[in-house]
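# Working through the structure, step by step
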Amino acid sequence: MLSVIDSVISEYFGPTNTTTLANPDEWFMDWVTPGASDSGIRVNGTSAIESGAVYQALTVIGGDVGAMPLELFRRVGRSKELAEGHPLNDLWLAPHPELTRQMFLETLTQWALLWGNGVALIQRDGANRPVELLPLLPDRTFVQRDLDTGDLYYLTTIDKRRVAFPKEDIFHIPNLAMDGVWGKSVFEAARNAIGLDMAIEKSGNKSFSNTQSPAGVVTHPETMSSDARKEFRREWREIHGGIDNTGRVALLQEGATFHRLAGSNVDSQLVDALQKSPARVAPFFNIPLHKLGVLERATLNNIDALERTYLFGTLWRWLCRWTAESDRKLMSPRDRGTRRLFHRFDASKRTMGDPLVRSQIHEASIRGTWMSPNEVRDQLDMPPREGGDSYFNPTTTPGGDAGSPAEESGGNAATAQVKEAAIYAATEAAARVVSLTDRAIVRFAKKNSAESDPEWIAAAYESLRDQVQSMLAPPHAVCAAYVGADPSPSGIAAEYVLDSAGFIRASLSCWSGSGSIDDVIKGFTNSKSGRVASLASKISLGI
């Protein structure tokens, strides 16, 4: 039998090929056992999701795409509005009778992430308008090109029958496509990385159920017979064997003693290898580690920046693929030609950021008259209020016409933009200063909590004054120039550190010993919002 197979190999792959069943080359093993990784674990679209990092990456990215509304908009002059009543918006409310919009978006995105392609059949009515999107299983669908015409067509298996569809009737979201058409599956590109994780996890599981390394050694002062040793092992295994019996007290008789064996380096390396699983898988999904539960480098100060990195570095490419394919395949040639209609995801909820910064941006938007109160309330899912459509702000648009922006009432657009930028910069600088000094005072409090003399508080803030001054000086100079005043960043910085130190010391003097200095510092840092607004007002000189 071996000689027959060897002769087949020689005939089809050339007489010079040295591959035999006794000494197979790597290409032959890949051909015989497709999906096998170097670790020996088979990795395919079904088994790959057994890796926790792969499963989480799929649910995070697919779930976030599905959670964003995909809608059709219409350009109206220099603005845009929702294309209400258009059939495509009705289609996106329920792309398939058995799938919600969220599940459809999530499913196709996850197929594209894992299998390389998310494909759906576009079913149309008599007027050639899309009325339904039918997902096609990714492991049964592929693309081919007609050698005569050069056109692409898609082949899939439905009810055990091979069916072909023209490219115009297929909605296709690809992953990385080396040929620009058909995406490459992650379990093919990351076969060894995923296989290694699955092998490590399998090895760890087997170590609990079928370990060959004893946890300890029992010694007996006398020589035990073979039957006595067998009976002792049986009783020991019955009482202490298995995970359910972990921690039970052992009773040793006749002078027997138990000696525990220390864990080996292999055990610690297994734990370390399991912890590094997300780092091995993350690059293949282009996803930051904090989205896979690795939070060593995530802090309260940088989590917003990490989320923006995820939004624009990971999610955005998938959102763009969805909108581009929707414009190309679902809109009529006439609508595409006029370019008046376009699809867009509503990502506003993901770009809101920290609640404090968000409230400051909304305040600056209303004060700068480039958003009305009702527009802000709409972003917050709040109902409009009477008079909230007006852009008029008496503190920034004196003499302006209520209901129109300052620029439309004769104001200088460039001046308004400078003012808006100055206010925003002052607010941002104030937030950074307060965050910096709050973190510093918490560190100082940990070092000086045993000190009865609170003089260290003033010294701590005084050591930060130069840094505070350098941070608020640029936006303060802009605001001072706007109102025609002389800048005084040193005075604002000195007043800020003096007031902050005085507030904490006053709180300590009122403390009667029922708490601790840490409680006072915590209460102070929790008042961040009001202190940011106060400092921003001083930096901006109240403009």
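Residues numbered from 1 in each chain as written. Predicted model: local features only at pLDDT ≥ 70, side-chain atom pairs only at ≥ 80, totals over all residues. Heavy atoms only, no water.

### Looking at the overall build of the chain
Check the secondary structure of the chain and you find 20 helices and 11 strands. In the chain, buried positions account for 36% of the 543 residues. Counting only contacts in the chain whose residues sit at least 6 apart along the sequence, the fraction spanning at least 24 positions is 62%. Accessible surface, the chain as shown: approximately 32,100 Å² in total, 53% of it carbon and sulfur. (Helix = DSSP H or I, 4+ residues; strand = E, 2+ residues; numbered from the N terminus. Buried < 20%, exposed > 50% of the residue type's maximum accessible area, 1.4 Å probe, protein only. Contact = heavy atoms within 4.5 Å. Areas by Shrake-Rupley, 256 points an atom, 1.4 Å probe, with all protein chains shown as cover.)

### With respect to the sheet that holds strand S4 (residues 130–136)
Paired through backbone hydrogen bonds, the strands of a sheet run either parallel or antiparallel to each other. With respect to topology, three strands assemble into an open sheet ordered S4-S3-S8, the strand pairing being antiparallel. Here the strands that pair on one side only, and so sit at the sheet edges, are S4 and strand S8 (170–174). Pairs of neighbouring strands in the sheet enclose a mean axial angle of 25°, with direction left out of account. The pairing of strand S3 (residues 117–124) with S4 spans six bridges and is antiparallel. By the bridge assignment for S4, Ala-120 is matched with Pro-135. (Pairing = 2+ DSSP bridges. Axes fitted to C-alpha atoms, helices over the stretch in contact; angles between N-to-C directions.)

### Side note on the packing of aromatic side chains
Following the criterion strictly, the structure yields nine aromatic pairs and no others. Taking 6.0 Å as the distance between ring centres and 20° as the angle between the ring planes, the aromatic pair formed by Phe-73 and Phe-342 counts as stacked. With Phe-73 in strand S1 (residues 70–76) and Phe-342 in strand S11 (residues 341–345), the pair connects residues that are 269 residues apart, well separated along the chain. The class for Phe-342 is buried, based on a relative accessible area of 8%. When the ring of Phe-104 is compared with that of Trp-322, the centres are 6.0 Å apart and the planes differ by 70°; the resulting orientation is edge-to-face. On the criterion of sequence distance, the pair formed by Phe-104 in helix H5 (residues 101–115) and Trp-322 in helix H11 (residues 303–329) is long-range, its members being 218 residues apart. Each member of the pair, Phe-104 as well as Trp-322, carries the same accessibility label: buried. Over the face of the ring belonging to Phe-73 we find Lys-80, whose NZ or CZ atom lies 5.8 Å from the ring centre. Against the face of Tyr-310 rests Lys-291, its NZ or CZ located 4.6 Å from the ring centre. (Phe/Tyr/Trp six-rings, centres within 6.5 Å; stacked < 30°, edge-to-face > 60°. Lys NZ or Arg CZ within 6 Å of the ring centre and 35° of its normal.)

### What to know about helix H16 (residues 455–463)
Listed in full, the buried residues belonging to H16 are Trp-456, Ile-457, Ala-460 and Tyr-461. Down the axis of H16, the sector holding all buried residues measures 135°, keeping them to one side. (Arc of directions from axis to C-beta.)

### A look at the environment of Ser-37
Residue position: Ser-37 is located in the loop between helix H2 (26–32) and helix H3 (52–67). Ser-37 sits in the buried class, given a relative accessible area of 7%. It is 5.7 Å that separates the C-alpha atoms of Ser-37 and Arg-191, two residues lying 154 residues apart in sequence. Leaving out residues up to four positions away in the same chain, Ser-37 has contacts with Val-43, Arg-191, Asn-192 and Gly-195.

In short, the description is geometric, and any link to function would need to be established separately.
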